[in-house]
Structure formats: structure tokens, C-alpha cells
Amino acid sequence: MSIVQCPKGHNYDNEKHAQCPYCSGSQAIGITVPLDNTGLQEEIPAGAGEGGFPKTMPVSMEPAQGQGPGVTEPYQNVTQGLDINEEGVSAVTGWLVCIEGKKKGKDFRLHGERNFVGRAGSNDVVLNFDDKISSVANIIISYDDEENEFYIQPGEHQKNNVKLNGKLLLIPETLKDNDIIKLGETKLLFRKFCNSDFCWE
């Protein structure tokens, strides 16, 4: 075997080739030939997508009948208190009406059992317009549905004086129609809804 180099730098065996096989093109060099895949291709199941994977089906966004956004199933067999109506709203038992202070003329509803009155939003009656009123339960107004009577008492977190009809409130007292409650710089007139003529059953 005698290896020689052509002018273009190709090395070849001159005993087998009279001239450079690379330059003459007599030998397929550097040509990519596709691989024969005969017998290698797997059977793709019917309905499959590209690559043989199952086709992705879009999810239906149609809500089932009677369901979907804005459709709420009603509660069944809900236990309700005596002062709760069918819609779950506390029944009114009386009112506090501001007769002196920043919210003069505004009324505040009272419901059954205990009503916490204070400045914070967690109270039943929120008086957030008077900074001199305690934040939580400055006073507590209770309605006894069995006796059909209202009571007022100082709150556990009371930090200022509360007056009932001009007198300092120190212990629980019976609350009567047109009683005036003063706390902070606000005066509230009490009015009954549940009275001798009407009460919730």
C-alpha cells in the first residue's frame, strides 16, 4: 500500500486509485445517508397525536346543571335562635339614636341577647367617630327575651365614665324607653322595639 497526497491535501492509496477519489467523486465521502427505519416504527394507536402520545382534549367549562359561579345550594335544617329570622339576620329589638355628638341623628340597631357598644369594628354597635369611647365594649346592652326587658352595664374594658340619665353607671341597670346614655362626647337615646305591646316569639 502506497499512501500519497493530492494537491488539495487528500490522502489516498495510489495502488487502489489512479487519482484522488475525493477530488474525482468516485467515492461518496462525507455524504449523510438516512438510516433505514424499516421494521423499527411502532404501530401508533388510532386517535393518537404527534409522537404517538394521546391527544389532549379541552376541558369543558360548562357548569353542571344547577351548579357553577353564583349558584349556592341553600342550607338545610339550620338551627336558628329565637332572635334570628329565616335569612339568618338578627331581629331588631331596639335602637340607640345619637342625639348629641358627631353623628347626631344617626340610629344604631340592637338585637337579642348581648350588644357590645364601642369604637372598634368588632362591636355590635360601632361608635368609631368618638375617640373618647373605649375601643371594645365600652358598655353592654342586653335583651332578655323571656322577661322582655333591657339591661345596661359597664363593659369590662371601660376606661371612661358612662352616665345613665345623668348618673354614673357602675352596676347593671334596667334600661327604659327614652333613657339617655352618655359615653365620651356622645349622647344616645334608647328606644324599645320589643315592649309590652310586641315581642318576638
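Thresholds applied
- Residues numbered from 1 in each chain as written.
- Predicted model: local features only at pLDDT ≥ 70, side-chain atom pairs only at ≥ 80, totals over all residues.
- Heavy atoms only, no water.
- Buried < 20%, exposed > 50% of the residue type's maximum accessible area, 1.4 Å probe, protein only.
- Helix = DSSP H or I, 4+ residues; strand = E, 2+ residues; numbered from the N terminus.
- Pairing = 2+ DSSP bridges.
- Core = buried A, V, L, I, M, F, W, Y, C linked by side-chain atoms within 4.5 Å.
- Salt bridge = Lys/Arg side-chain N within 4 Å of Asp/Glu carboxyl O.

The name recorded for the protein in an unreviewed UniProt entry is FHA domain-containing protein, from Anaerostipes caccae.

**Q** Got a sec to walk through the pairing of strand β12 (residues 180–183)? Specific residues and values, please.
**A** Within a regular strand, the side chains alternate between the two sheet faces. Along β12, the buried face is formed by Ile181 and Leu183; none of Ile180 and Lys182, which line the opposite face, is buried. Two elements, strand β9 (residues 162–164) and β12, share 3 bridges in a ladder whose sense is antiparallel. Within β12, the residue paired with Val162 across the bridge is Leu183. The sheet contact formed by β12 and strand β13 (residues 186–192) spans 4 bridges and is antiparallel. For Ile181, the partnering residue across the bridge sits in β13 and is Leu188. Taken together, β12 and the strand that follows it, β13, pair antiparallel across an intervening segment of 2 residues, in which Gly184 is found at a positive phi of about 60°.

**Q** Give me the sheet that holds strand β8 (residues 149–154): which residues, what numbers.
**A** In space, the 5 strands of this open sheet follow the order β6-β5-β7-β8-β11, with mixed pairing throughout. Every other strand in the sheet has two partners, leaving β6 (125–126) and β11 (173–175) as the edge strands with one partner each. Of the strand pairs in this sheet, strand β5 (residues 113–118) and β6 are connected by 2 bridges, and their pairing is parallel. Opposite Val117, over in β6, you have Val125 as the bridge partner.

**Q** Describe in detail the nonpolar core, supporting the description with residues and values.
**A** In terms of nonpolar packing, the biggest core is built from 23 residues, with Leu96, Leu127, Ile141 and Ile181 touching the most fellow members. Sorting the residues of this core by element identifies β3 (92–100), β4 (107–111), β7 (139–144), β8, β9, β12 and β13 as the ones contributing at least two each. It is β7 that contributes the most residues to this core, 3 residues altogether.

**Q** Outline unusual backbone geometry, supporting the account with residue identities and numerical values.
**A** Working note: non-glycine residues mostly have negative phi, and peptide bonds are mostly trans. The residue Ala137 is not glycine, and still its phi comes out positive at about 45°. Secondary-structure assignment places Ala137 in the loop between β6 and β7. We classify Ala137 as buried; its relative accessible area is 4%. Positive phi, normally seen in glycine, also occurs at Asn178, with a value near 70°.

**Q** Account for the sheet that holds β3, naming residues and giving values.
**A** Read from one edge to the other, the open sheet built from 6 strands follows the order β4-β3-β13-β12-β9-β10, with strand pairing classed as antiparallel. The strands lining the two open edges of the sheet, one partner per strand, are β4 and β10 (167–168). Note: β9 against β10, 2 bridges, orientation antiparallel. Paired with Leu164 across the strands is Lys167, a residue of β10.

**Q** Go over the pattern of salt bridges with me, naming the residues and quoting the values.
**A** All chains considered together, the criterion is met by 3 salt bridges. Residue Glu185 is joined to Lys132 by a salt bridge in which the shortest nitrogen-to-oxygen separation is 3.0 Å. Placement of Glu185 in the loop between β12 and β13 and of Lys132 in the loop between β6 and β7 is noted, with a sequence separation of 53 residues between them. The salt bridge partner of Arg191 is Asp177, with a shortest N-O separation of 3.7 Å.

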